[in-house]
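# Observations on chain architecture
So the chains spell out like this:
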Amino acid sequence: MYLTSENHHYSIENPSICPHCHRGIEPIFISSAIGKGGNNSDIFCTVWRCTFKDCKRIFVAEYTVNTPGAAIFTKFLDGTPIEPHFPEIIVKFESKFIKTYMQALQAENLGLDEIAGMGYRKAIEYLVKDYLIQKDQNLEGNIEDLALSNVIDQNFTDSRENDLKDLLKRATWLGNDMTHYLKYHENFDIEDLKNLIKLVMDEIHSIEQKRHYITNLQNKNKK
Ligand SMILES: [Zn+2]
């Protein structure tokens, strides 16, 4: 469609996804206003309504004028990020992991990538320490103030936890890059950190499921 300002027309591509429900839609255009963006560029703020019947939420999309007569989509100014799947074992922990992860995701969604990286790093620390304490109550009061890398090194000693340990170490290295002054792993970014956290969650889920069945399902076959 075209946006109009002071008799000038600017072609834009309509949003095709709702930033709230994440469905493919053809949203209804409501209004727009032109103004100045961050680096003094001309931007349009456009207001739309989602057409999916269970959503119908209003959202705002920003477009930047890049050539005379055209503006390109820059970002949504609101919306809800897509949550990862949190395995049940992790949902059941009494941990601030999920809350911290979701705050980091929200920050990332708002374009606050530096803060988001630190948030993911903090989330990993909650996940590791609370998982260990949940497995062994004796660790409570002993590991909370220890450096995360030492806690990972000194625990997860079972050979079945080798992959988990390797993944956690790497998640911590990347997380530290996003928390400290110097960055050591240039080829990896916040998406890699989120991938590693997902792999860690899957690994914990797998280890605990296997432990559950191997411990609790005994052979009752009399032959
Ligand atoms: Zn929607």
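These remarks concern the structure in this document. (Residues numbered from 1 in each chain as written. Predicted model: local features only at pLDDT ≥ 70, side-chain atom pairs only at ≥ 80, totals over all residues.)

## Structural notes on the overall build of the protein
- In terms of regular secondary structure, the protein is built from six helices and six strands.
- Over its C-alpha trace the protein gives a radius of gyration of 23 Å, far above what one expects of a compact globule, namely 17 Å for 223 residues.
- In terms of its C-alpha atoms, the protein occupies a principal-axis envelope of roughly 85 × 50 × 30 Å.
- Among the 223 residues that make up the protein, the fraction classed as buried is 22%.
- Contacts spanning at least 24 positions in sequence make up 48% of the contacts within the protein whose residues lie at least 6 apart. (Helix = DSSP H or I, 4+ residues; strand = E, 2+ residues; numbered from the N terminus. Rg over C-alpha atoms; globule rule 2.2 N^0.38 Å. Buried ≥ 20, exposed ≤ 12 C-beta atoms within 10 Å, placed from the backbone. Contact = placed C-beta atoms within 7 Å.)

## Observations regarding the nonpolar core
- Among the nonpolar cores identified, the biggest contains 29 residues, and Tyr120, Val128, Ala171, Ile197 and Val200 are the most heavily contacted of them.
- Counting residues per element, the ones that place at least two in this core are α2 (97–109), α3 (113–135), α4 (148–154), α5 (162–177) and α6 (190–216).
- The element that contributes the greatest number of residues to this core is α3, accounting for seven residues.
- Setting aside residues no more than four positions away along its own chain, Ala171 makes contact with Ile124, Leu193, Leu196, Ile197 and Val200.
- Formed by 10 residues, the second largest nonpolar core is a distinct cluster that contains Cys18, Trp48, Tyr63 and Ala71. (Core = buried A, V, L, I, M, F, W, Y, C linked by C-beta atoms within 7 Å.)

## Quick word on the environment of Trp173
- As for its position among the elements, Trp173 is in helix α5.
- We classify Trp173 as partly exposed; it has 15 C-beta atoms within 10 Å.
- The spacing of Trp173 and Lys198 is 25 residues in sequence and 16 Å in space, taken between C-alpha atoms.

## Things to note about the pairing of strand β4 (residues 42–49)
- Relative to β4, strand β3 (residues 28–36) runs antiparallel, the two sharing eight bridges. Residue pairing across strands places Ser32 opposite Thr46, the latter belonging to β4.
- Remark: five residues form the turn of the hairpin made by β3 and β4, two consecutive strands paired antiparallel; Asn40 in that turn has positive phi of roughly 65°.
- Bridging between β4 and strand β5 (residues 58–67) involves seven bridges; their strand directions are antiparallel. (Pairing = 2+ DSSP bridges.)

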